[in-house]
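One letter stands for each residue in the lines below.
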Amino acid sequence: MKRIVSIGAVLVACLVGLVGLGAEPGAITASSEAKRDTVDVKIDNFTFGPQELSVPVGTTVTWTNRDDIPHTVVSTDKVFKSKVLDTDETFSFTFDKAGTYPYFCSIHPKMTGKVVVQ
Amino acid sequence: MREKEKDGLLNDHDHDGIDRRGFLRCMAWAGTGVLCVLQGGVLKSYALSTMSGSESGSGSALPAAGELSFVQISDSHMGFNKAANPDVAATLKAAIDKVNGLAVPPEFMLHTGDISHLSKPEEFDTVDQILKGSSAKDVFFVPGEHDVLNDEGKQYLERYGKGAKGAGWYSFDKRGVHFVGLVNVLNLKAGGLGTLGQEQLDWLKADVKHLKHSTPIVVFAHIPLWSIYPAWGWGTEDSSQALAYLKRFGSVTVLNGHIHQTMQKIEGRVTFHTAASTAFPQPQPGQADSPGPMKVPAEKLRSLLGITDVRYVRGQHTLAIVDSSLA
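The structure contained in this document is the topic of the report that follows. Note that this is a predicted model, so its numbers are computed, not measured.

Residue and element names in this part refer to chain B. With four of its five residues buried, strand β11 (residues 270-274) lies for the most part within the structure. Here strand β9 (residues 252-256) pairs with β11 via five bridges, running parallel. Within β11, the position partnered with leucine 255 by the bridge is histidine 273. With five bridges joining them, strand β10 (residues 263-267) and β11 adopt antiparallel strand pairing. Note that in β11 the partner of isoleucine 266 across the bridge is threonine 271. Here β10 hands over to β11 after two residues, with glycine 268 in that stretch at a positive phi of 65°.

It is worth spelling out the nonpolar core at this point. Residue and element names in this part refer to chain B. Core analysis: the largest hydrophobic core is formed by 81 residues, its most contacted members being Val71, Leu182, Val183, Val219 and Ala221. Beyond its immediate chain neighbours, meaning those up to four positions away, valine 183 contacts Val142, Pro143, Ala167, Gly168, Trp169, Gln200 and Ala221. Membership of the second largest hydrophobic core comes to five residues, among which are Ile228, Trp232, Ile259 and Met263.

Let us look at the pairing of strand β8 (residues 217-220) of chain B. Residues and elements named next belong to chain B. Burial along β8 is two-sided: the residues Ile217 and Val219 and Val218 and Phe220 are all buried. Looking at chain direction, strand β7 (residues 177-181) and β8 are connected through four bridges and run parallel. Following the sheet pairing, valine 180 is matched in β8 by valine 219. Handedness of the crossover joining β7 and β8 through helix α5 (residues 198-208): right-handed. Where β8 and β9 come together, four bridges link them in parallel fashion. Paired with phenylalanine 220 across the strands is leucine 255, a residue of β9. With helix α6 (residues 239-245) bridging β8 and its parallel neighbour β9, the resulting β-α-β unit is right-handed.

Analysis parameters
- Residues numbered from 1 in each chain as written.
- Chains lettered and ligands numbered in written order.
- Predicted model: local features only at pLDDT ≥ 70, side-chain atom pairs only at ≥ 80, totals over all residues.
- Buried ≥ 20, exposed ≤ 12 C-beta atoms within 10 Å, placed from the backbone.
- Helix = DSSP H or I, 4+ residues; strand = E, 2+ residues; numbered from the N terminus.
- Pairing = 2+ DSSP bridges.
- Core = buried A, V, L, I, M, F, W, Y, C linked by C-beta atoms within 7 Å.
- Contact = placed C-beta atoms within 7 Å.
- Right-handed = clockwise from strand over helix to strand, strands pointing away.

The structure is reproduced here in structure tokens:
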């Protein structure tokens, strides 16, 4: 009895989840339990850390400027571009497509980084 | 042991007019106290203590009252408020006080960029307000990378680029000296240095084409037009092309900012000079992990900020460049 109820509960949950997803435009995950991952990149001392980042498709990367000088995060291929980030300001971008995304700071172009999305 | 020769020349042991020890001091450029003047192609150094209060001084070899006198200031970074200098408005005001205290009032000032820290309107407004208090009649600007944030330099152009071409380059003449303001802080490429771009280079070529080679040229731009330390972005990738267009001139002076410390190099007939910031110092090349603001004890700060006084004496094809710190 209990098992049937619990299986039923799970089925109902999945159905609810799928219906919920269906109503949500732009949803890309197949399971209602999948969370959007967030990965942090710290900007400090004129460096992006980590400089090279590998993430799965759907990850949101958040850059936080911990330096005492402003920086920007600009995709070399014009995929994303932050406004100028003063100390403690952040910029986020969600990588929906697989690929390699080199970027740099447009104020200090020697500062470069890369996000590899798989 | 220094011997004071006639003409006020120091260390002219070979009597050939070349002051070798003075030359080395000019190269080291310890800061104040030494006036280096290139006269007739010969570099001479004068201890400032031998100069009397008035500019005409002893009259003979010392530079007469400059027919053209101007000041270079740089990197005011209005809006910066971190530990390296919590009050950049106060130090900019101190720099203007210094300008106003010069024996020969400057006719105008050159600001070699990073006027603001975050390209905010109120930051530009504050600098304009403070500069109004100077004895100089006009200020000519070129943008730094901090002045062109978020809008590709549109606001900078509206404020300071009247009559300028492209991203804000222009030229003007004063007393027979030709001044050229260049912009090398836009369209920077990943991993790259400062850049002038072909359109600006073509403009420069045409701009100086018909000038007599005896016309003294002063070029000013934010990022150094010589390779000081590429790892920190202290250089301009296509500056050699610009300098090639100026090669035939008898006197070329290049005034830059960006590195927040004074540095000088003479290469043939070209004198390169970078000014100190009025906001905060930066480390010497390679002396720190990165070129960011350098924190120093509060009482030391003003000794690492400063202004540059430049004087041109007609007929000499020379410009005397004197850096002085705020303390």
